[in-house]
Amino acid sequence: MRKLKTIFTCSFCGYQAPKWIGHCPECDQWNTFYEETHKEQDRRPTWRPDTPSSQPVALSTVSHQQEENRIATGIVELDRVLGGGLVRGAAVLIGGDPGIGKSTLVLQALSRCAAQDLPVLYVSGEESLRQIRMRAQRIGTVPERLLALAETDLEAILEQIKNTSPALVVIDSVQTVYTADIESAPGSVSQIRECALRLITHAKHTDMTLLLIGHVTKEGAIAGPRVLEHMVDTVLYFEGDRGHAYRILRAVKNRFGSTDEIGVFEMSGAGLVEVGNPSEFFLAERSEQAPGSAVVPSIEGTRPILVEVQALTAPSPLALPRRTTIGLDQNRASVLVAVLEKKIGMTLYNQDVFLNVAGGIRLNDPGVDLGIIAAVVSSKLEQPMPRKTAICGEVGLTGEVRGISHVGQRLREAERLGFTQCIIPNNNLKHIHDTHSITVVGVRSVNEVIAQLFPTTMRKKRPSADSL
Ligand code: TYD
Ligand code: MG
């Protein structure tokens, strides 16, 4: 007989300890341990690779057939993030806050696949079949090959998967699935881990694609999908503000593609709509003549997106003024503010500086540095940027402007959206071969940038602390 065993598990990362501890040594969270009893497990792994014996083989003889192995869902933004579609036999985890639109996205993807005559199965542990049907109806026609199952018992789910042998299965959500083999409640780390492992094992054996949906909770009261990230091939995060209509799908891990790509969607009354032109979308609400606003042609993955960086400087009542950023790296912003202070002589030590990327997108592109600089100076001077001018470039600690990648693409995107002037690093000028109708200005230092953007201020006086 198998023994019952008590163990304490961190609900955040799944770290296990024989005794209760207050602080998790693995993920640094406090008060996340809870008690679990489960039958002592057989220690052998349940999944084995597909070579029947453990003989090594010549790698060149193993078949790969990369292209045929992908299922294109037909949702371009989703396929792009996946690196060209869903890989057969792969497990994909889609995480995101409740209500962000995960179920809607996967149901749309399933509908498209089913319409291409692929057998697909949607397993929901959260909604009844009626509710699923209502949602499917709302987002379009309901194809015949789309099977749905409202079930939470892992054994029953696996049995139905074996019966219907679908090419693509969605489990919505992995937190609701449970197996009777483990005593702890559904949603606990051991349940999630075991259920996911068995589903993934089945997927790898049968070349079925598995899409797992996982909720992310702030407190980690029910186990977050963090433990799953190591077990799956691809992890996608669906982000966005519930107050806004846009949603961004981002890959944080992808064994079959790049992790830089993003997909942009808009939530409408009839499901998620792909946003093929994110630049127009992110600039939609910009007021051109407002001080503190700069437009940056940024690169997300391989795609240029025009975004608006907004800055607000205001006298601070605090001894340590705030440097608050939304959508930008806070340390980067502090460095750039210090560069302005030291190299331009702009007084910012007594100012709160708030930075925001309009539209809620997060930027990691170093090319956005000059946009931050321009927005902060524009806000401090209360002067808008020159009309129809975009700006991009990386800034070093000595105030020099450094070259960036993909300048041609950035210029084309700015040009496409009606910008007539773009300020770029001087180093990049020599790489521009196409004849752009946009005026390109190369700059070497932050000083030159400000002289270019706000010439009147610079002409009046040499930059000194008081004038700025
Ligand atoms: P849902 O896919 O259920 O989110 P999740 O599975 O991530 O919890 O999406 C829920 C939200 O989306 C809900 O607030 C309603 C909204 N929604 C629309 O605005 N339009 C639609 O066509 C659909 C299906 C949902
Ligand atoms: Mg849902």
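Everything below is about the structure printed above this text.
The text that follows walks through the structure, step by step, so that each part is easy to find. All values reported here derive from a predicted model rather than from experimental measurement. (Residues numbered from 1 in each chain as written. Chains lettered and ligands numbered in written order. Predicted model: local features only at pLDDT ≥ 70, side-chain atom pairs only at ≥ 80, totals over all residues. Heavy atoms only, no water.)

Quick word on the overall build of the protein chain
Next up, step 1: Looking only at helices and strands, the protein chain has eleven helices and 23 strands in total.
Next up, step 2: Expressed as a percentage of its 468 residues, the buried residues of the protein chain come to 49%. (Helix = DSSP H or I, 4+ residues; strand = E, 2+ residues; numbered from the N terminus. Buried < 20%, exposed > 50% of the residue type's maximum accessible area, 1.4 Å probe, protein only.)

A look at the pattern of salt bridges
Next up, step 1: All told, the structure shown has 17 salt bridges when counted by the stated rule.
Next up, step 2: In this structure, the salt-bridge partner of Arg 255 is Asp 233, at a minimum N-O distance of 2.6 Å. Placement of Arg 255 in the loop between strand E12 (246-254) and strand E13 (262-268) and of Asp 233 in the loop between strand E10 (209-215) and strand E11 (234-239) is noted, with a sequence separation of 22 residues between them.
Next up, step 3: Between Arg 250 and Glu 239 there is a salt bridge; the shortest N-O distance is 3.3 Å. Taken together, the residues span a long stretch of sequence, with Arg 250 in strand E12 and Glu 239 in strand E11 at a distance of eleven residues.
Next up, step 4: With relative accessibility at 23%, the residue Glu 239 sits in the partly exposed group. (Salt bridge = Lys/Arg side-chain N within 4 Å of Asp/Glu carboxyl O.)

What about the pairing of strand E14 (residues 271-274)?
Next up, step 1: In the sheet, E13 pairs with E14 via four bridges, with the strands oriented antiparallel. In the strand pairing of E14, Phe 265 is matched with Glu 274.
Next up, step 2: Hairpin connection between E13 and E14: a loop of two residues separates the two successive antiparallel strands. (Pairing = 2+ DSSP bridges.)

Considerations on the sheet that holds E13
Next up, step 1: In spatial order, the strands read E8-E7-E9-E10-E6-E11-E12-E13-E14; together these nine strands make up an open sheet with mixed pairing. The sheet is open, and its two borders are formed by strand E8 (146-150) and E14, each paired with just one other strand. Across the sheet, the mean angle separating the axes of adjacent strands is 25° when strand polarity is ignored.
Next up, step 2: Taken together, the four bridges between strand E6 (residues 91-96) and E11 define a ladder with parallel strand orientation. Each bridged residue has a counterpart across the sheet, and for Leu 93 the counterpart in E11 is Val 235.
Next up, step 3: Sitting on the sheet, helix H3 (residues 129-139) touches strand E7 (120-124), E8 and E14, and the angle it makes with E8 is about 145°. (Axes fitted to C-alpha atoms, helices over the stretch in contact; angles between N-to-C directions. Contact = heavy atoms within 4.5 Å.)

Focus on the environment of Leu 86
Next up, step 1: With respect to the element layout, Leu 86 can be found in strand E5 (residues 86-87).
Next up, step 2: In the structure, Leu 86 is positioned 13 residues away from Thr 73 in sequence and 7.3 Å away in space, judged by C-alpha atoms.

Focus on the site of ligand 1
Next up, step 1: In the region of ligand 1, 15 residues are neighbours, and Gly 99, Ser 103, Thr 104, Ser 268 and Gly 271 sit closest.
Next up, step 2: A distance of 3.0 Å separates an oxygen atom of ligand 1 from a polar atom in the backbone of Gly 101.
Next up, step 3: Ser 268 has a polar backbone atom sitting 2.7 Å from a nitrogen atom of ligand 1.
Next up, step 4: In the complex, 76% of the free accessible area of ligand 1, which totals 560 Å², lies under the protein chains.
Next up, step 5: Only helix H2 (102-115), H3 and E13 provide two or more residues apiece to the shell around ligand 1.
Next up, step 6: Sorting elements by how many residues they give to the shell around ligand 1 places H2 first, with three residues.
Next up, step 7: When its residues are assigned to classes, the shell around ligand 1 shows four nonpolar, seven polar and four charged. (Near = heavy atom within 4 Å. Polar contact = N/O pair within 3.5 Å; in protein donor to acceptor, adjacent residues only side chain to side chain. Areas by Shrake-Rupley, 256 points an atom, 1.4 Å probe, with all protein chains shown as cover. Nonpolar A, V, L, I, M, F, W, Y, C, P; charged D, E, K, R; others polar.)

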